[in-house]
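Architecture at a glance
What follows is the residue order along each chain.
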Amino acid sequence: MRSSLDRIDIERSKFKKTQRLNKTSRLERLETIMSLSSILVPTTPFEGQKPGTSGLRKKVKVFMEKNYTENFVQCILNALGAKVKGATLVVGGDGRYFSKQAVNIIIRIAAANGVAKLIIGERGILSTPAVSTLIRTHKVLGGIVLTASHNPGGIRHDFGIKFNIENGGPAPDSLTDAVYELTKTITQYKFTPDLDCEFDKKGVQTFNVDGSEFVVEVVDSSEDYVALMKEIFDFGKLKELIRGDGKRPPFQVLIDSMNGVTGVYVTRIFVEELGASPDNNVRRIIPLDNFGEIHPDPNLTYAKDLVDRVKEDTTYDFGAAFDGDGDRNMIIGKNAFFVTPSDSLAVIANNLQCIPYFQKRGVHGFARSMPTAAAVDRVAAKLGMEMFEVPTGWKYFGNLMDAGRLSLCGEESFGTGSDHIREKDGIWAVLAWLSIIAHKNMSVEDILTEHWKIYGRNYFTRYDYEECNTEDANRMMEHLEKLIANSSFVGRTLTSGGKSYTVKIADNFSYIDPIDKSCAKNQGIRVLFEDGSRVIYRLSGTGSTGATIRLYIDSYEKDNVTADAQVMLKPLVEVGLEISQLKKFTGRDQPTVIT
Ligand code: G1P
Ligand code: ZN
């Protein structure tokens, strides 16, 4: 019997001969002659391949371990079952270190498992919103997203793999749980070792694997996404805003891709379509595989560089930043006036009529994740709109959108999006804000102040304690569980900075999906006070080292709407720390990040 290496040599010599005879391109020739066989590779399970809030995230060196990535990809396909045969999948990610290796592994495993076609972004590059878009426009079974989102990248940092289902959204818990179970018992994966496929340039390549056709279509990373944005927004109007229109001077924006994947989309949309200046209106737009050694997370700590630029240069009217894979956004106005994501959601909700997509389709309900401040709830109440509170993580919005009951949603963690796709969408959020600004002809700060005058203000802050010792963090959560289970906790009054808060309700948040009735438990400890203020405790499900404790603080003021949020919330933060005994359990005096 011939070995596969012999076979490929024969194929290659046939290929050279045909190439001499016929001067068609290499890609076209490969279509007809590459005939390959798959093999079964024995493997053993790895511990801890449990997808978190948004996929499996680990250090790059973990993904590089022999068979680690292969095992996980095979388990995704196994969990999908018979549907995989003949299916099409989208593959791409934020281009972080190890992406290309992972794409190659996926190609070889997918082909061996009978997948009929992969749609891959050029160079393996696709933002998370672009993956969601492609899954939907091509109506395929799903997509494999290669990203650890806002976690740092590069050989010493994080990589991640996440599966999105056919609606374009993150896999539900039932599927990720099934994948995890399979990772515990996997004994072999299917592989096509000789499949060499290029994905640097647009084009279609066809192979014959085990007698069946296997197609790889490499697509432009931004084409479908840009087309979708053009359907949603009025690009003519946005261009007038950015370029100025004779009556108004140019509205000066500074859009920061933080060396992440959005650089590709920012160039296409803001520079090429909307006429923004490549020198003054955009920055850090070349995607780098280590994000230039920064933490690609758009918040006041990690996007400080942008905040400082906008503060120093008062010609800027607006600033925005995105995370590594392009689903998060941060919005700031002139002088770096900060818009909390919870407020951003509420303002967009209140102004959806400025966006053609919603004019055409109407608005059907709002939602936010549980820790997100309730500013949007007030807009929903005023507009008579259905309102949902779901656990943390975008996967919980998908069913409601599919059922036509949800148009706009968001999370306090810099995620905003609509039912145009099934992921949060950073660029969409910025275009939404610019549409509102163009329509109202007001500054960011004025829009917020007007909003608070109508609705009152939810002051909100989040304290993150990153990379705590996991056991310490677990002990703190156990302490909280015990505390809230004690019947005397409700009714207790806690005082700090001259303010008193009486506990009204305390629980561990659980959620029953209104559509499929699935239940998500233990989604964060909530302490709700008589005056409507809230303190929430969660452990992050996206970190790759130790445990990250998140403390969310939310307090509503009807009239006192222009105070400094950190000053305003200090007493409630103290109460939150007192209840949790965070310092005692973790030894931490200060959070790593305050947003
Ligand atoms: C974090 C955010 C959450 C978001 C997720 C993915 O998850 O808190 O809102 O959906 O990243 O971007 P966490 O680390 O808190 O589990
Ligand atoms: Zn992200």
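Quantities reported herein were computed from a predicted structural model and do not represent experimental measurements.

1. A few points about the overall build of the protein
Counting secondary structure elements, the protein contains 20 helices and 28 strands. Computed over its C-alpha atoms, the radius of gyration of the protein comes to 25 Å, within 12% of the 25 Å expected for a compact globule of 595 residues. Summarising its shape, the C-alpha atoms of the protein cover approximately 85 × 65 × 40 Å along the three principal directions. Out of the 595 residues belonging to the protein, those deemed buried represent 58%. Look at the contacts in the protein between residues 6 or more apart in sequence, and 72% of them connect residues 24 or more apart. Accessible surface, the protein: about 23400 Å² in total, of which carbon and sulfur atoms supply 49%. Side-chain charges of the protein comprise 74 positive and 76 negative groups, with the mean position of each set lying 2 Å from the other.

2. Considering the confidence of the model for the protein
Summary statistics for the protein give a mean pLDDT of 93 and a share of 94% for residues scoring 70 or more. A low-confidence stretch, residues 1–24 (pLDDT under 50), is modelled with 19 contacts involving residues beyond four sequence positions or located in other chains.

3. What to know about unusual backbone geometry
A positive phi angle, near 50°, is found at glutamate 467, a position not held by glycine. Summarising the element assignment, glutamate 467 is placed in strand 20 (residues 457–468). Even without glycine at this site, lysine 517 takes up a positive phi of about 65°. Topologically, lysine 517 is positioned in the loop between strand 23 (511–512) and strand 24 (519–520). In this structure lysine 517 comes out as exposed when scored by relative accessible area, which is 58%.

4. Some details on the pairing of strand 7 (residues 158–164)
Burial analysis of strand 7 places 7 of its 7 residues in the buried class, which makes it a mostly covered element. Neither face of strand 7 is open: one carries Asp158, Gly160, Lys162 and Asn164, the other Phe159, Ile161 and Phe163, and all of them are buried.

5. Topic: the site of ligand 1
Taken together, 14 residues are adjacent to ligand 1, and Thr53, Ser413, Gly541, Thr542 and Arg550 come closest. Here an oxygen atom of ligand 1 and a side-chain polar atom of serine 540 are 2.6 Å apart. Here ligand 1, which alone exposes 380 Å², has 99% of that area covered by the protein. Placement of ligand 1 is best described as lying within the largest cavity.

6. Some thoughts on the pairing of strand 17 (residues 387–390)
Only one face of strand 17 is covered, namely the one carrying Phe388 and Val390; the face carrying Met387 and Glu389 has none of its residues buried. Here strand 16 (residues 366–369) runs beside strand 17; their pairing, made up of 4 bridges, is parallel. Directly across from phenylalanine 366, in strand 17, lies its bridge partner methionine 387. In this view, the connection linking strand 16 to its parallel neighbour strand 17 by way of helix 14 (residues 375–383) has right-handed handedness.

7. Overview of the coordination of the zinc ion (ligand 2)
Of the protein atoms, only Ser149 (OG), Asp323 (OD), Asp325 (OD) and Asp327 (OD) coordinate the zinc ion (ligand 2), at distances of 1.9 to 2.1 Å. Coordination at the zinc ion (ligand 2) is irregular: its 4 donor atoms span angles of 87 to 161° at the metal.

8. Examining the layout of surface pockets
The volume enclosed by the largest pocket comes to roughly 1000 Å³. As for the largest pocket, its lining consists of 34 residues, of which Gly52, Thr53, Leu539, Ser540 and Gly541 are closest to the centre. Elements with a contribution of two residues or more to the lining of the largest pocket: strand 3 (56–59), helix 7 (173–183), helix 18 (470–485), strand 26 (534–539) and strand 27 (547–557). For the lining of the largest pocket, the residue count by class is 8 nonpolar, 18 polar and 8 charged.

9. Section: the sheet that holds strand 17
Across the sheet, 4 strands lie side by side as 17-16-18-19; this open sheet has mixed pairing. The sheet is open, and its two borders are formed by strand 17 and strand 19 (415–418), each paired with just one other strand. Averaged over neighbouring strand pairs, the angle between their axes works out to 15° when direction is ignored. This element, helix 14, spans strand 16 and strand 17 of the sheet and lies at about 165° to strand 16.

Conventions used here
Residues numbered from 1 in each chain as written. Chains lettered and ligands numbered in written order. Predicted model: local features only at pLDDT ≥ 70, side-chain atom pairs only at ≥ 80, totals over all residues. Heavy atoms only, no water. Helix = DSSP H or I, 4+ residues; strand = E, 2+ residues; numbered from the N terminus. Rg over C-alpha atoms; globule rule 2.2 N^0.38 Å. Buried < 20%, exposed > 50% of the residue type's maximum accessible area, 1.4 Å probe, protein only. Contact = heavy atoms within 4.5 Å. Areas by Shrake-Rupley, 256 points an atom, 1.4 Å probe, with all protein chains shown as cover. Lys, Arg positive; Asp, Glu negative; His and termini not counted. Charge placed at Lys NZ, Arg CZ, Asp CG, Glu CD. pLDDT = per-residue confidence, 0-100. Near = heavy atom within 4 Å. Polar contact = N/O pair within 3.5 Å; in protein donor to acceptor, adjacent residues only side chain to side chain. 1 Å grid on protein atoms, 1.4 Å probe; cavity = no way out; pocket = protein on both sides within 12 Å on 5 of 7 lines; lining within 4 Å. Sits in = over half its atoms within 2 Å of the grid points. Pairing = 2+ DSSP bridges. Right-handed = clockwise from strand over helix to strand, strands pointing away. Donors = N, O, S within 2.8 Å, 3.2 Å for Na, K, Ca; no water. Tetrahedral: all angles 85-135°; square planar, octahedral: opposite > 155°, others 65-115°. Points joined across faces, edges and corners; volume = space filled by probe spheres on them. Nonpolar A, V, L, I, M, F, W, Y, C, P; charged D, E, K, R; others polar. Axes fitted to C-alpha atoms, helices over the stretch in contact; angles between N-to-C directions.

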